[in-house]
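Given next are the chains, with one letter for each unit.
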Amino acid sequence: MNTPSVWDGQRVDAIAAGALPGLERVQNLVRSVRTPEFEGVTFHEVLTKSALNHVPATSAMLPGEWTLNPYRGCTHACAYCFARPTHEYLGLGIGTAFETEIIVKVNLAEVLRRELATKRVLPERVALGTNTDPYQRAEGRYHIMPSVIDALAGKRIPFSILTKGTLIRRDLDRLANAATRVNVELGLSIAYLDEDLQRTLEPGAPSTAARLDTLRAMRAAGFAPTVFLAPILPYLTDSEERLEAMIAELAAAGAANVLPTSLYLQPGVKDLVLTWLRRRYPELLPAYTELYANGSRTPRAYRDTVKARVHQALHRHGLPVPDDSTEDKFALLGKRRPPPPPAEPTLF
């Protein structure tokens, strides 16, 4: 007789008797799951009412685009993650709760298929990984992504995936098959060659070495992957030497494009990163305080300097300098606007 595991019963009919304390704003809770494989982490399985999210045209990020997110919260636990504040919408915190209270949309693929079957106008494209990682460790248990890939490809809807999770290798054959029918863009986030630095900032994420192996696997599967070189850390990973070494590794591993982004620190997240900095690199705290004194971004002059260093390294390693078309692969520029009509001819 098989012993039931803690993962048995992942069914949409296993309705719990009410929300847990602190989860009153999490709708349609099925149950909350803990397992020794994820020590300290609770997965809150929910029945989602919708799969596709249409980003408002007024949004600062991905305006007008369609996105899809199987999970909320992320066990990668990246200190700098811009998605942390979204956990506050659920009545949860942006700190430890973001890493340990993970919302899982267990019926996402079913709802997606229903939406795609009933929509009069299908999305032009769908971006995955725009909030939290669809290939974080929990995906190894919940297996949501294969059905999502099949549903989008079956309706001939182009899509992009941004991840730092090596679990995407499980689905590369399926993604390659989908790419014979629709455009599929794969992006991988890799920012650090210093493994110790990576572990302290991204304690739950795969190692840099594992991600470089994943990059090679993407290339071998026939994709032209884009690497998100993000975040670039002031005074830690932004020197010419460190950027040169990183881009050399990315080029050798099969990156087709590289998109660099300097560290962005929105309210709340800034406090978490400065706390980390105070603990690990206290000598840099005054410099960071000055750099981010006027908001979430570093000054334009600093960003331009870093960009120039990256572009020089890209040239040296035969990689293209990113432009709008590179960013558009992942819907970063928002909904594409049609070109303006040609000007009317005039006599003068």
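Structure shown above.
The notes below deal with the structure included here. (Residues numbered from 1 in each chain as written. Predicted model: local features only at pLDDT ≥ 70, side-chain atom pairs only at ≥ 80, totals over all residues. Heavy atoms only, no water.)

Reading across from one edge, β3-β4-β7-β8-β9-β10-β11 is the order of the seven strands in this open sheet, with mixed pairing throughout. Each end of this open sheet is capped by a strand with a single partner; those strands are β3 (53-54) and β11 (257-262). In terms of strand pairing, β3 meets strand β4 (residues 66-68) through two bridges, oriented antiparallel. Looking at β4, one finds that N53 is bridged to T67. Along the sheet, helix α4 (residues 145-154) makes contact with β4, β7 (126-128) and β8 (159-163), crossing β7 at roughly 165 degrees. (Pairing = 2+ DSSP bridges. Helix = DSSP H or I, 4+ residues; strand = E, 2+ residues; numbered from the N terminus. Contact = heavy atoms within 4.5 Å. Axes fitted to C-alpha atoms, helices over the stretch in contact; angles between N-to-C directions.)

What follows deals with the layout of surface pockets. In this model, the largest pocket occupies a volume close to 1,600 Å³. For the largest pocket, the lining is made up of 47 residues, of which M61, F228, A230, T261 and L332 are closest to its centre. Those elements that provide at least two residues to the lining of the largest pocket are β7, β8, β10 (226-232), β11, α11 (300-316) and α12 (324-328). Among the elements that take part in the lining of the largest pocket, α11 stands out by supplying six residues, more than any other. Reported here for the second largest pocket is a volume of approximately 860 Å³. Together, 31 residues line the second largest pocket, and N53, N69, R72, T86 and N131 are the ones closest to its centre. Put simply, the parts of the chain that give the lining of the second largest pocket at least two residues each are β4 and β6 (101-105). Tallied by class, the residues present in the lining of the second largest pocket amount to 15 nonpolar, twelve polar and four charged. (1 Å grid on protein atoms, 1.4 Å probe; cavity = no way out; pocket = protein on both sides within 12 Å on 5 of 7 lines; lining within 4 Å. Points joined across faces, edges and corners; volume = space filled by probe spheres on them. Nonpolar A, V, L, I, M, F, W, Y, C, P; charged D, E, K, R; others polar.)

Moving on to the packing of helix α2 (residues 108-118) against α4. Close contact between α2 and α4 brings their axes to 9 Å; oriented N to C, the two are set at 10 degrees. Comparing the axis directions of α2 and α4 gives the class roughly parallel. The segment α2 lies against α4, with L108, A109, L112, R113 and L116 engaging S147, V148, A151 and L152. (Parallel < 35°, antiparallel > 145°, perpendicular 65-115°, else oblique.)

Quick look at the side chain of T237 now. Mapping T237 onto the fold places it in the loop between β10 and α8 (240-253). Within polar-contact distance, the side chain of T237 engages the backbone nitrogen of L233 at 2.8 Å. (Polar contact = N/O pair within 3.5 Å; in protein donor to acceptor, adjacent residues only side chain to side chain.)

The quantities given are spatial measurements derived from coordinates; they are silent on function.
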